[in-house]
Amino acid sequence: MISVQLFFISFFGLAAVWFAVVVFRTHSMMRSALALLFSQTALGAMFIGMQAEFLGVLQIMMMATEMSIMAIFMVMFMMDPGGLGKMDMTHQKRLSVIAGLVAFVAVVVVAVFADWGPLASSVPDAAQQIEDLGLELLGRSMLIFETAGLTILTAMIAATAVAVEPIKRNRD
Amino acid sequence: MTTALILLLLAVGAYLVAVIEAWTTSGRWRLTAPITAGIALLGRESIVPRKSDRVFFEVAPVLLLISALIAATVLPLTPDLIITDLATGALFINAALVYVLVALLMAGWGPDGAYAMIGGWRFLGQLIAYAMLIVMPVTAVAMRAESLLTTQIVASQADLWNILYQPLGFVLFFVAAMALAFLPPFDLTTANSELAGGVEAEYSGVRLAVFRLGRLVLVITLATTTVVFYLGGWQGPWLPPWAWSAIKILAVTALMLLAGRALPRIREADLLNLCWKLGIPLALLNIFVVGLLILVWP
C-alpha cells in the first residue's frame, strides 16, 4: 500500500516539476500559464496521494480558475503573447539563476534539518478531516481566517474602485 | 463493473441528450439523428488550422470530455451505483467541472482563429459570472446534509426534496448549470449566429465529434448533479431507484434544453451584472435562510 502511495506521490511530484520547467521554456504566454496550472494540479494530486483529500481537491479546483484568469492578463499585457515572434521576454538572468539556487538550497536545508516533530501514526478518514477542518476554522483559527477574508475583500473592493471609470457628473 | 455500467449509461444518456436537443430545435423526434450526424462527422476530414497551437488544439476536446466524465464518478444513480463515494464529493464535482473552462480556453486559443479566440475568452467571463452561483447553492445543500458525500446529500432529502426545502438555491444552481454547459441563452462561447460556432468554429471531423460528445456528457452530468442535489436522487415511490434516477435526469435535461430556447442570447456584461448584483445576494440569502431552517426544522 505504502509503495503505491509513494509511487503516485513521486509521479505527480515529477509531473509538477516538469510542468514548472515548461513554464519557463515556452515562449507562449498561454502555454506558460496553463503549464503552471498543470504543475499546481499535480501538486493537488500529491495532496490527495498524501491522504489530504480536501486540500487536494480544493487546490485542483482553485488553481484552474486562478491560472486561467492569470492567462488572460498575461495575454493582454505581454508583447508577444503567442510566442510566435520568438521574442525574449526574460531579463536579469544571472540574478534569477542565483536567487533560484539559493532558494532551492534553503528549501532543501529546511526540509532535511528542521525538526518536524513525531510522525503521525494514523490519519483520520477524509470525512473526519473535513469536519475537523470546519471546527478549526470556526474555532481557534476563526480570527485569522476572518481577518484574511476581510483583507482580501477590502483589496477586491479597492481594486474595483480603482479600475472603474469615474462617473462624469458634469454632463452639461 | 460499476464503472463500465456507468460509462455505458452516460453514453446512452449523451445519446438521449442529443435526441432531446434535436427535438427542442426542430420540434421533431428523430431517434437516429445522432447516429447519422455522428457518422457524417466521422466521415469528414478533420482539418488542422495553420499556425495552430497543436497541443491545445488536440487536448481541448478530450479534456472537455474527461472533465465531464470525472465529475460523473461521484454521482450516485442508485444507492450502490456510484463509482467512488468521495468524502469531498460535492466539492469534487466543482473541481472537475472547472476544467471545462480550461478545455474551452485551449479550444479558443489553440486553432489561432479570431472567432474561436473570442469564444474562448468569453467563457472565462462567463465563469466569473456563474462560478459563485454553483458553489454557494451547493454550500447550502451540504449544510443540510451535514456532509459533502453525494450519497449523504441524497439521503438528507428523504423527508423533503431540496427543491422544496431551498427553492431559491435550486433556481440559482439550475441557471448556473445552464451557463456552465453553455446552453442557450448562455451559449456565448459557441454563439452560432455571431461567432460562427466560436470555440467549435475551427474544429471539424472526428475532433468536432469528440468536442460535441464532451458537451453532451457535460449536459447529462449537470442534469444528474441537479437531480442528486435538489430532486432527491434515486428516491421516489413505487418504481425502483434506477428508474426514478433515469426519469428525473431526463426531465431535468429536457428542461435545461428547453428553458433557454425562446430567450435571446444574453450579453456578456448583462450576464455579469445579473449574476453579481442579483445572483450572489440571493445566494447569500439562500444560505442564511437554509441556516435558519436547519435550526428550526432539520
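What you are looking at is a predicted structure, and each value in this text was computed from that prediction instead of being measured.

Overview of the domain arrangement of chain A
Residues and elements named next belong to chain A.
- Splitting chain A by domain gives domain 1 (1-82) and domain 2 (126-165).
- For domain 1 and domain 2, the distance between their C-alpha centroids amounts to 23 Å.
- At the junction of the two partners, domain 1 supplies four residues and domain 2 supplies four residues.
- In total, domain 1 and domain 2 occlude about 310 Å² of area from one another, counting both sides; carbon and sulfur atoms represent 68% of this.
- One can count zero salt bridges joining domain 1 with domain 2.
- Of the residues that constitute the side of domain 1 that touches domain 2, the class distribution is two nonpolar, one polar and one charged.

A short note on the packing of helix α5 (residues 114-145) of chain B against helix α8 (residues 167-180) of chain B
Residues and elements named next belong to chain B.
- Two numbers describe how α5 lies on α8: the axes approach to 8 Å, and their chain directions differ by 150°. Comparing the axis directions of α5 and α8 gives the class roughly antiparallel. Our pair here, α5 against α8, has a crossing hand that is left-handed. Of the residues in α8, those touching α5 at F123, Q126, Y130, L133, I134, P137 and V138 are G169, L172, F173, A176, A177, A179 and L180.

Looking at the environment of L43(A)
All names here are of chain A.
- Within the secondary structure, L43 sits in helix α2 (residues 29-49).
- Expressed as a C-alpha distance, the spacing of L43 and I9, which sit 34 residues apart in the sequence, is 9.0 Å.
- For L43, the contacting residues outside a window of four places in its chain are A16 and Q59.

Some details on the nonpolar core
- One finds M30(A), V100(B), L218(B) and F229(B) to be the most contacted residues of the largest nonpolar core, which totals 115 residues.
- Contact partners of V100(B), with chain neighbours within four places excluded, come to L64(B), S67(B), F123(B), L180(B), F182(B) and L218(B).

Here we look at the interface of chain B and chain A
- Of the residues lining the interface, 24 residues belong to chain B; the matching set on chain A comes to 26 residues.
- For the chain B and chain A pair, buried surface summed over both sides reaches about 2,100 Å², with 84% attributable to carbon and sulfur atoms.
- The three residues of chain B that bury the most area against chain A are Y99(B), W109(B) and W121(B), which together make up 25% of that side's buried surface.
- Put simply, chain B and chain A have five residue pairs in polar contact (both at pLDDT 80 or more) between them.
- Counting only elements with at least two residues in the side of chain B that touches chain A, the list comes to α3 (54-72), α4 (89-109) and α5 of chain B.

Procedures and definitions
- Residues numbered from 1 in each chain as written.
- Chains lettered and ligands numbered in written order.
- Predicted model: local features only at pLDDT ≥ 70, side-chain atom pairs only at ≥ 80, totals over all residues.
- Heavy atoms only, no water.
- Domains from an automatic or database assignment.
- Contact = heavy atoms within 4.5 Å.
- Buried area = accessible area lost by both parts, 1.4 Å probe.
- Salt bridge = Lys/Arg side-chain N within 4 Å of Asp/Glu carboxyl O.
- Nonpolar A, V, L, I, M, F, W, Y, C, P; charged D, E, K, R; others polar.
- Axes fitted to C-alpha atoms, helices over the stretch in contact; angles between N-to-C directions.
- Helix = DSSP H or I, 4+ residues; strand = E, 2+ residues; numbered from the N terminus.
- Parallel < 35°, antiparallel > 145°, perpendicular 65-115°, else oblique.
- Left-handed = near helix turned anticlockwise from the far one by under 90°.
- Core = buried A, V, L, I, M, F, W, Y, C linked by side-chain atoms within 4.5 Å.
- Buried < 20%, exposed > 50% of the residue type's maximum accessible area, 1.4 Å probe, protein only.
- Polar contact = N/O pair within 3.5 Å; in protein donor to acceptor, adjacent residues only side chain to side chain.

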